Amino acid sequence: MSLLISQHWKDYELLDAGGNKKLERWGKVVTIRPERNAYFRSVIPFEDWYKQADFEFVEHSKTKGEWKVLNEQAPKKWTIGYKSIRLNLELTKFKHVGLFPEQQANWEFLERNLKTDDRFLNLFGYTGAASLVARANNADVFHCDSVKQVITWGRENMESSGLSDIHWVLEDALKFAQREVKRGNKYTGIIMDPPAFGIGAKKERWKIEDKFSELLELAVQLRAPEGFIIVNTYSPRLTAKDIRQSANHILENENIQVDTLCLKTVTNKTLEYGLRTLIQP
Ligand SMILES: C[S@@+](CC[C@H](N)C(=O)[O-])C[C@H]1O[C@@H](n2cnc3c(N)ncnc32)[C@H](O)[C@@H]1O
């Protein structure tokens, strides 16, 4: 397994990390957020972090917390760019701001591997960064998420980016994928970024280690010949070995590449986020 290192860009930098926290710059706004994978010591002393940060997300429990304002002048809603796309960010009631910058390596792969009119499926698409990158490359994009607010947010990002004609699907990803299989639809590219754990609309529990094979099986049925499948996973209970075993069980003679998705800090620390599996013929 190798490290797949996402790159910073003009509007995003992982400045430092350590002490289970990370310091990030999003355009003109600097945040401090909890990060359990930052188990090492920070390079820059925390008191210097607080001199440059505008907001800090303070956790009160695994699922609850609040944003502390460190700079009253800083905007709580702002926009940043990634190449030709514009992304609207804001402080959400969780520790998220509307973008997962560690996905940059996947955006780059999409730019290199999607051509005009290629059908692209983004399952668990959130606010749509990957969908916008694909659409900016003239792909025919289908974006599926089960939360109405994030679909609306994705639409706003599409409009802010001067793009149009993304197919927004508000539905459970598994159900949508099952129906697409029945319809016989195929996709040149499929990306999936399921949560490790979740509670569905009808209180059904979602654990990725229980659903991984089923998700992959559906993606394989939806993939066009010569197409690719990307799956991001974050559960310590779904190891690279488990992923390979599931994939080898479903696929024959395919290139199954499992890498650790990570970002490097400006202070040269490596922060690991999860596993990125790429399947190509
Ligand atoms: C980790 S985020 C995906 C981030 C995305 N890849 C990105 O880079 O912007 C997971 C997303 O899955 C959505 N989600 C969770 N359970 C789902 C389900 N059963 N069906 C569809 N979407 C789901 C959540 O609403 C959330 O937007």
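Residues numbered from 1 in each chain as written. Predicted model: local features only at pLDDT ≥ 70, side-chain atom pairs only at ≥ 80, totals over all residues. Heavy atoms only, no water.

(A) Spatial organisation of the overall build of the protein chain. The helix and strand inventory of the protein chain stands at 7 helices and 17 strands. Taking 19 Å as the expected radius of gyration for a compact globule of 281 residues, we find that the protein chain reaches 19 Å, a close match to that expectation. The principal-axis extent of the C-alpha atoms belonging to the protein chain is close to 55 × 40 × 40 Å. Considering only contacts in the protein chain between residues 6 or more positions apart, those separated by 24 or more positions represent 60%. Positive and negative charge centroids in the protein chain, built from 41 and 38 side chains respectively, lie 3 Å apart. (Helix = DSSP H or I, 4+ residues; strand = E, 2+ residues; numbered from the N terminus. Rg over C-alpha atoms; globule rule 2.2 N^0.38 Å. Contact = heavy atoms within 4.5 Å. Lys, Arg positive; Asp, Glu negative; His and termini not counted. Charge placed at Lys NZ, Arg CZ, Asp CG, Glu CD.)

(B) Quick look at the packing of aromatic side chains. Going through the model one piece at a time under the given rule, you end up with 13 aromatic pairs. Here a set of aromatic residues connected by ring pairs shows up, and it is made of Trp9, Tyr12, Trp26, Tyr82 and Trp107. For Arg119, the ring lying beneath its charged end belongs to Tyr187, and the centroid distance is 4.5 Å. Above the face of the Phe109 ring, Arg276 is positioned so that its terminal group lies 5.9 Å from the ring centre. (Phe/Tyr/Trp six-rings, centres within 6.5 Å; stacked < 30°, edge-to-face > 60°. Lys NZ or Arg CZ within 6 Å of the ring centre and 35° of its normal.)

(C) Quick peek at helix H4 (residues 148-160). For H4, which comprises 13 residues, the first-to-last C-alpha distance of 18 Å matches the rise-based estimate of 18 Å (1.5 Å per residue) to within 8%. Every buried residue of H4 is listed here: Val150, Ile151, Trp153, Gly154, Asn157 and Met158. Axial view of H4: buried residues confined to an arc of 160 degrees, hence all on one face. Pointing more than 90 degrees away from the buried face of H4 are the exposed residues Lys148, Gln149 and Glu159. Positive phi appears at Gly162, one or two residues downstream of H4, with a value of about 70 degrees. (Expected span 1.5 Å × (residues − 1). Buried < 20%, exposed > 50% of the residue type's maximum accessible area, 1.4 Å probe, protein only. Arc of directions from axis to C-beta.)

(D) Inspection of the side chain of Asn122 at higher detail. The topology assignment puts Asn122 in strand S9 (residues 119-123). Residues contacting Asn122, with those up to four places away along its chain left out, are Ala130, Ser131, Phe142, His143, Cys144 and Ile191.

(E) Representation of the domain arrangement of the protein chain. Looking at the protein chain, the domain boundaries give domain 1 (3-80) and domain 2 (98-280). On a C-alpha basis, the centres of domain 1 and domain 2 stand 25 Å from each other. The interface is formed by 25 residues belonging to domain 1 together with 23 residues belonging to domain 2. Contact between domain 1 and domain 2 buries roughly 2100 Å² in total, counting both sides, with carbon and sulfur atoms accounting for 68%. Run the count over domain 1 and domain 2 and you get 0 salt bridges. Taken together, the connections running from domain 1 to domain 2 amount to 14 residue pairs in polar contact (both at pLDDT 80 or more). For the side of domain 1 that touches domain 2, the elements supplying multiple residues, two or more each, are strand S1 (3-6), strand S2 (12-18) and strand S3 (21-26). In terms of residues, the side of domain 1 that touches domain 2 owes the most to one element, S2, which gives 6 residues. Looking at side-chain class alone, the side of domain 1 that touches domain 2 contains 14 nonpolar, 4 polar and 7 charged residues. (Domains from an automatic or database assignment. Buried area = accessible area lost by both parts, 1.4 Å probe. Salt bridge = Lys/Arg side-chain N within 4 Å of Asp/Glu carboxyl O. Polar contact = N/O pair within 3.5 Å; in protein donor to acceptor, adjacent residues only side chain to side chain. Nonpolar A, V, L, I, M, F, W, Y, C, P; charged D, E, K, R; others polar.)

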